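A look at the structure
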Amino acid sequence: MENTFPSFYKDFSCIADKCPDTCCAGWAIVADSESLKNYHFIKGDFGEKIRRCISVDEDGDSVFTPQNDRCPFLLESGLCEMYIELGHESLCRTCRQYPRHITYFGARQETGLSLSCPEAAKIIMQNSEPIAFETERTLEFPQPTDIDPELYFTMLEARKKAITILQNRDFKIEKRICAFLEFSKSISPFVKHLDCAAIKKAIKTDFFELAPAAFSKRKANSALKRFFSDFRSLEMLDPSWKIRLSQAESIDSRHVSEYTENQRAFEWEYEHLMVCLVFRYFMSAVFDKDLLSKAKFAAVSFIIIRRLQTSEDAKKESRIKTIQRYSKEVEHSAVNMDFLNSVMKKSRFYSVENLISLIMEK
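Residues numbered from 1 in each chain as written. Predicted model: local features only at pLDDT ≥ 70, side-chain atom pairs only at ≥ 80, totals over all residues. Heavy atoms only, no water.

1. Overview of the overall build of the chain
Scanning the chain from N- to C-terminus turns up 17 helices and six strands. Considered along the principal axes of its C-alpha atoms, the chain spans approximately 70 × 45 × 35 Å. Taking all 362 residues of the chain together, 49% fall into the buried category. Pairs at least 24 residues apart make up 77% of the contacts formed inside the chain by residues separated by at least 6 positions. In the chain, the 52 positive side-chain charges and the 53 negative ones have mean positions that sit 5 Å from each other. (Helix = DSSP H or I, 4+ residues; strand = E, 2+ residues; numbered from the N terminus. Buried < 20%, exposed > 50% of the residue type's maximum accessible area, 1.4 Å probe, protein only. Contact = heavy atoms within 4.5 Å. Lys, Arg positive; Asp, Glu negative; His and termini not counted. Charge placed at Lys NZ, Arg CZ, Asp CG, Glu CD.)

Next comes the structure, spelled out in structure tokens:
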């Protein structure tokens, strides 16, 4: 099997108790079937504790029963008791894998780092050079798949085009994201109908020639109100997140524009954000044939995060923390992502025209 990953991927190593956050609280940690079998054979008091701490949730998944919203094996020191007692291999798949995310495409897989992890976000945002990708062969066996091979390879070309657009530093980040949206919109119907020839033709088009629509205050206000209403309705790990979203919504467009201009030297951080989201979600369109919703999610993420950052101090640590917090609150709930995918697919407020109007906010 071939594995493709961003160049920074191998730089990551969990910093455990030195982490300013924890991935062992707030979330329900699901134990996979193989780990459950192994836990059945662990002897002694600790084996009894493991089995006692596993329960079945409302979705039918076996989870480690939280204690005060924390994993029962999370020590006050910030270390994992199971890791200390039994070693890394004793951890369930979720804990071994996070913050890595893996998508399988038959004989190929793609692996990245989630921005929800503070250390991963720090690594991703530490280098201003454009994100590059590497491919290596692994010893893993191919995963069964029914994806259309021609569509898969055509979509690889399309994603390369999308990333090239987003990394074109001859243009400001706003125009790059608008061009990316126009490109995604143009090929979306062809993806749905498996028209690979039309996708390849669109790849050759210069989407920077398509001037973004002029900023419309009316359209921006109505769309923005809907966006923040939808995001406040999501599942939340921290109740204060809803307050922060409301503060970000209330900021005047002029302040957003001023913040953006003041941060021009660091707009490569937004570029990295967009490239990470495109790498993670773009190719999944080969499964459901819905590309445009994934492109819209990346664009809406930029709009929301930029406003969140505008409402806080402009230090790099704060900017990265905002991106990390957004990812943790939004991306790690299947309920959240399903809801957002649905509204971006069906709601007129999430039209490409409205998104462009908000991206060009001034």
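Still more ground to cover, so stick around.
2. Thoughts on the packing of helix 12 (residues 268–281) against helix 14 (residues 292–310)
Between helix 12 and helix 14, whose axes approach to 10 Å, the crossing angle comes to 150°. With respect to each other, helix 12 and helix 14 are oriented roughly antiparallel. Here helix 12 and helix 14 pass one another in a crossing that is right-handed. Within the contact between the two elements, helix 12 uses Tyr-270, Leu-273, Met-274, Leu-277 and Tyr-281 and helix 14 uses Lys-294, Phe-297, Ala-298, Ala-299, Ser-301, Phe-302, Ile-305, Arg-306 and Gln-309. Within the contact of helix 12 with helix 14, the residues separate by chemical class into 10 nonpolar, two polar and two charged. (Axes fitted to C-alpha atoms, helices over the stretch in contact; angles between N-to-C directions. Parallel < 35°, antiparallel > 145°, perpendicular 65-115°, else oblique. Left-handed = near helix turned anticlockwise from the far one by under 90°. Nonpolar A, V, L, I, M, F, W, Y, C, P; charged D, E, K, R; others polar.)

3. Let's talk about helix 2 (residues 44–52)
For helix 2, the set of buried residues is Phe-46, Gly-47, Lys-49 and Ile-50. Taken down its axis, helix 2 places every buried residue within 160° of arc, on the same side. Residues of helix 2 that are exposed and point more than 90 degrees away from the buried face comprise Asp-45 and Arg-52. (Arc of directions from axis to C-beta.)

4. Quick look at the nonpolar core
Residues Met-155 and Phe-180 are the most contacted members of the largest nonpolar core, which totals 90 residues. Residues within four places of Phe-180 in sequence aside, it is in contact with Ala-162, Ile-165, Leu-166, Met-274, Val-278, Phe-282, Ala-295 and Ala-298. Membership of the second largest hydrophobic core comes to 14 residues, among which are Tyr-39, Ile-50, Cys-53 and Cys-71. (Core = buried A, V, L, I, M, F, W, Y, C linked by side-chain atoms within 4.5 Å.)

5. Notes on the sheet that holds strand 1 (residues 2–6)
To summarise the sheet geometry, strands pair through backbone hydrogen bonds and adopt either a parallel or an antiparallel arrangement. Spatially, four strands are ordered 4-5-1-6 in an open sheet, and the strand pairing comes out mixed. Edge positions in the sheet fall to strand 4 (100–105) and strand 6 (133–137), since each of these pairs with one other strand and no more. Going across the sheet, the axis of each strand differs from the next one's by a mean of 20°, ignoring polarity. As paired strands, strand 1 and strand 5 (residues 108–113) are joined by three bridges and run parallel to one another. Bridge pairing in strand 5 places Asn-3 opposite Gln-109. Taken strand by strand, helix 6 (residues 149–166) contacts strand 4, strand 5 and strand 6, and its axis lies near 30° from that of strand 5. (Pairing = 2+ DSSP bridges.)

6. What to know about the environment of Thr-103
By the element assignment, Thr-103 lies in strand 4. Taking the relative accessible area as the measure of exposure, Thr-103 reaches 22% and is therefore partly exposed. For the pair formed by Thr-103 and Ser-327, sequence separation is 224 residues and the distance between their alpha carbons is 18 Å. Discounting chain neighbours no more than four positions away, the residues touching Thr-103 are Arg-108, Gln-109, Glu-110 and Phe-287.

7. Some thoughts on a negative patch on the surface
Taken together, the side chains of Glu-58, Asp-59, Asp-61 and Glu-235 make up a negatively charged region of the molecular surface. Here Asp-61 is to be found in the loop between strand 2 (54–56) and strand 3 (62–64). On the basis of relative accessible area, Asp-61 is assigned to the partly exposed category, the value being 32%. (Patch = residues over 30% accessible without salt bridge, like charges linked within 9 Å, V, L, I, M, F, W, Y side chains within 5 Å. Areas by Shrake-Rupley, 256 points an atom, 1.4 Å probe, with all protein chains shown as cover. Salt bridge = Lys/Arg side-chain N within 4 Å of Asp/Glu carboxyl O.)

8. Concerning empty space enclosed by the protein
Scanning the model with the defined rule gives five cavities of 30 Å³ or more in all. When its volume is computed, the largest cavity comes out at roughly 120 Å³. Forming the walls of the largest cavity are 15 residues, and the residues nearest its centre are His-101, Leu-113, Cys-276, Leu-277 and Arg-280. Per element, the largest residue contribution to the lining of the largest cavity is four residues, and it comes from helix 12. Computed from the structure, the second largest cavity encloses a volume of approximately 50 Å³. Lining the second largest cavity are Tyr-259, Gln-263, Phe-266, Glu-267, Glu-269, Tyr-270, Gln-309, Arg-319 and Ile-323. Here the residues of the lining of the second largest cavity are counted per class, giving four nonpolar, two polar and three charged. (1 Å grid on protein atoms, 1.4 Å probe; cavity = no way out; pocket = protein on both sides within 12 Å on 5 of 7 lines; lining within 4 Å. Points joined across faces, edges and corners; volume = space filled by probe spheres on them.)

9. Section: the side chain of Glu-110
Topologically, Glu-110 is positioned in strand 5. In this structure Glu-110 comes out as buried when scored by relative accessible area, which is 6%. Of the polar contacts made by the side chain of Glu-110, one reaches the side chain of Arg-159; its length is 2.6 Å. (Polar contact = N/O pair within 3.5 Å; in protein donor to acceptor, adjacent residues only side chain to side chain.)

10. Concerning the pattern of salt bridges
Summed over all chains, the structure comprises 27 salt bridges. The partner of Arg-51 in a salt bridge is Glu-48, and the shortest N-O contact between them spans 3.3 Å. With a gap of three residues between them, Arg-51 and Glu-48 both fall in helix 2, about one helical turn apart. Judged by its relative accessible area of 44%, Glu-48 falls in the partly exposed class. With a closest N to O distance of 2.6 Å, Glu-353 and Lys-185 form a salt bridge. In this pair, Glu-353 is assigned in helix 17 (residues 352–359) and Lys-185 in helix 7 (residues 173–192), connecting sequence segments 168 residues apart. You can call Glu-353 partly exposed: its relative accessible area is 38%. In this structure Lys-185 comes out as partly exposed when scored by relative accessible area, which is 35%. Beyond isolated ion pairs, a larger network of salt bridges with shared partners links Arg-169, Lys-172, Glu-174, Arg-176, Glu-261, Arg-264, Glu-267, Glu-271 and Arg-306.

Read these as geometric descriptors, not functional statements.
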